[in-house]
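Spelled out from the first residue to the last, the chains are:
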Amino acid sequence: ENLKSTENENQIETLKQTVESLNSSSGDTDTSSLQAEIEALSSRVDDLQELSSSSNDSSFDIIFDTKTKLKDLIGKDSTKKEAEVLVKQIRSKKMGTKGILIYSQDGYPGGGRRKTAKAIAGEAKIPYIEINSMDFGTKDVDLFGDNSLSPEKSMKKLFSMVATQAEENPNKSAVLYIENFELFSVGEEISTYYQKAMAQLLREMEKADKAGVNILV
């Protein structure tokens, strides 16, 4: 928690200083591109401040160092090779936003899905964010600990925060791990809100990919 708070505070301070510097020089330059840059940076400051204020009570964690690497994985060599390919794509900063499905053939818990996702994030040195799809099964989702939003608005807000973390990382990427992802695909039999959250997730992934943001879901 202390690491997460310090990381965000440093990013906020750096962005604030950049905005102040741009504002002070705007008098000498009359360009729309400069104003657009100031507005974009100010928006990122707002996102980080909101993330810092809600992270302590939120239903998700942001881990900047998972302390897990590919060498820590056990199991099939094919899984490791696929993970290595993903790490190379992340380091290229041209991966885009994509989803991968990690599953165990026997269907039992403990198949290493979370560890595989953490190993990819740890090896690539990018932020790891974890959520549980079960949090989206109701009309009001209290994902951020401050107020309840609809599943669609919660997913949109979450993805905006993940995108901010990706943009601030040197490799311009982040991993979003979704526990119990199957509820998003078949959960409409239990609650229609899972279906709404899944639809919003796909919209946010498409938007992030078009924007050139690198997020591995």
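If you're wondering where the values come from, they're calculated on a predicted model, not measured in any experiment. Each chain carries its own residue numbering, running from 1 in the direction its sequence is written. Where totals are concerned, whole chains, interfaces and linings use all residues; where local detail is concerned, this predicted model gives features only for residues with pLDDT of at least 70, and gives and counts side-chain atom pairs only at 80 or more. Only heavy atoms go into the side-chain values, all of them from the structure, while hydrogens and water stay out.

K.L.:
Can you help me understand the pairing of strand S2 (residues 128-132) in this one?
P.N.:
The two faces of a sheet get side chains in turn, since along a regular strand they alternate between them. For S2, a buried count of four out of five residues is recorded, marking the element as mostly surrounded by other parts of the structure. A pair of strands is considered paired only if DSSP assigns at least 2 bridges between the two. Each helix corresponds to a stretch of at least 4 residues labelled H or I by DSSP, and each strand to a stretch of at least 2 residues labelled E; elements are numbered beginning at the N terminus. Where strand S1 (residues 61-63) lies against S2, three bridges are found, and the strand directions are antiparallel. If you follow Ile 62 over to S2, its bridge partner there is Ile 129. Alignment of S2 against strand S3 (residues 173-179), held across five bridges, turns out to be parallel. Using a 1.4 Å probe on the protein chains alone, a residue whose accessible area is under 20% of its type maximum counts as buried, one over 50% counts as exposed, and one in between counts as partly exposed.

K.L.:
Explain the nonpolar core to me, please; I cannot follow it from the model alone.
P.N.:
If you look at soluble globular proteins, the nonpolar side chains tend to sit buried side by side. Residues Phe 60, Leu 158, Leu 176, Phe 184 and Ile 215 are the most contacted members of the largest nonpolar core, which totals 31 residues. Mapped onto this core, the elements with two or more residues apiece are S2, helix H5 (151-168), S3, helix H6 (182-186) and helix H7 (192-210). With seven residues, the single largest contributor to this core is H5. Excluding residues that lie within four positions of it along the chain, Leu 158 makes contacts with Phe 60, Ile 131, Leu 143, Phe 144 and Leu 176. Throughout, nonpolar core names a set of buried Ala, Val, Leu, Ile, Met, Phe, Trp, Tyr and Cys residues whose side chains join them through atoms within 4.5 Å. Throughout, a contact is declared for two residues whenever any of their heavy atoms are within 4.5 Å.

K.L.:
Before we go on, may I ask you to explain the packing of aromatic side chains in this structure?
P.N.:
The geometry of two aromatic rings is summed up by the distance between their centres and the angle between their planes. To pair, rings of Phe, Tyr and Trp, with the six-membered ring standing in for Trp, must have centres within 6.5 Å; the planes then decide the type, stacked if under 30 degrees apart, edge-to-face if over 60, and tilted in the middle. Enumeration over the complete set of coordinates arrives at one aromatic pair. Between Tyr 128 and Tyr 177 the ring centres are 6.3 Å apart and the planes differ by 20 degrees, which places this aromatic pair in the stacked class. Taken together, the residues Tyr 128 in strand S2 and Tyr 177 in strand S3 connect sequence positions 49 residues apart. Assessed through its relative accessible area of 10%, Tyr 177 is described here as buried.

K.L.:
Is there a simple way to think about the side chain of Ser 173 in this case?
P.N.:
With respect to the helices and strands, Ser 173 occurs in strand S3. Not counting chain neighbours up to four residues away, the residues in contact with Ser 173 comprise Ile 90, Ile 126, Pro 127, Gln 165, Ala 166 and Asn 214.

K.L.:
Sorry if this is basic, but what is going on with the pattern of salt bridges here?
P.N.:
Once the charged atoms of two side chains with opposite charge are near each other, the side chains can pair. Salt bridge, as used here: a side-chain nitrogen of Lys or Arg that lies within 4 Å of a carboxyl oxygen of Asp or Glu. All told, the structure shown has seven salt bridges when counted by the stated rule. A salt bridge links Glu 179 to Arg 114; its shortest N-O distance comes to 3.5 Å. With Glu 179 in strand S3 and Arg 114 in helix H4 (residues 113-124), this residue pair connects regions lying 65 residues apart in the sequence. Its salt-bridge partner being Lys 207, residue Glu 204 comes within 3.4 Å of it at the nearest N-O pair. Separated by three residues within a single helix, Glu 204 and Lys 207 lie in helix H7, roughly one turn from each other. What makes Glu 204 buried here is its relative accessible area of 6%. Of the residues examined, Lys 207 reaches a relative accessible area of 46% and is grouped as partly exposed.

K.L.:
Honestly, the sheet that holds strand S4 (residues 214-216) in this entry has me stumped. Any pointers?
P.N.:
Neighbouring strands of a sheet are bound in pairs by backbone hydrogen bonds; such pairs are parallel or else antiparallel. In spatial order, the strands read S1-S2-S3-S4; together these four strands make up an open sheet with mixed pairing. Looking at which strands have only one partner, the edges of the open sheet turn out to be S1 and S4. Sheet twist, expressed as the average angle between the axes of neighbouring strands with direction ignored, equals 25 degrees. The strands touched by H5 within the sheet are S1, S2, S3 and S4, with S3 carrying the most contacts at an inclination of about 145 degrees. Note on method: axes are straight lines fitted to C-alpha atoms, helices fitted across the in-contact stretch only, with angles between N-to-C directions ranging 0 to 180 degrees.

K.L.:
Please clarify how the environment of Asn 171 should be interpreted in this entry.
P.N.:
Tracing the backbone shows Asn 171 in the loop between H5 and S3. Relative accessible area serves as the criterion here: at 17%, Asn 171 is assigned to the buried category. Residues Asn 171 and Lys 94, 77 residues apart in the sequence, show an inter-C-alpha distance of 9.6 Å. Those residues in contact with Asn 171 that lie beyond four places of it in its chain are Ile 90, Arg 91, Lys 93, Ala 124, Lys 125, Ile 126 and Asn 214. Whenever two N or O atoms come within 3.5 Å, that pair is a polar contact, provided that in protein one can donate a hydrogen and the other can accept it, and provided that, for residues adjacent in sequence, both atoms are side-chain atoms. In this structure the side chain of Asn 171 is engaged in a polar contact, spanning 2.7 Å, whose partner is the backbone oxygen of Ala 124.

K.L.:
Just checking my understanding: could you explain H7 for this structure?
P.N.:
One turn of an α-helix holds 3.6 residues; hence residues three or four places apart share an orientation. A helix is expected to span 1.5 Å multiplied by its residue count minus one. Across its 19 residues, H7 extends 28 Å between first and last C-alpha, which sits within 8% of the 27 Å expected from 1.5 Å per residue. Of the positions making up H7, those classed as buried are Tyr 194, Ala 197, Met 198, Gln 200, Leu 201, Glu 204, Met 205 and Ala 208. For H7, the angular spread of the buried residues around the axis is 165 degrees, confining them to a single face. Those residues of H7 that are buried are in contact with H5, S3, H6 and S4. Count one or two residues on from H7 and you reach Gly 212, which has phi positive near 80 degrees. This arc describes the spread of directions from the helix axis toward the C-beta atoms.

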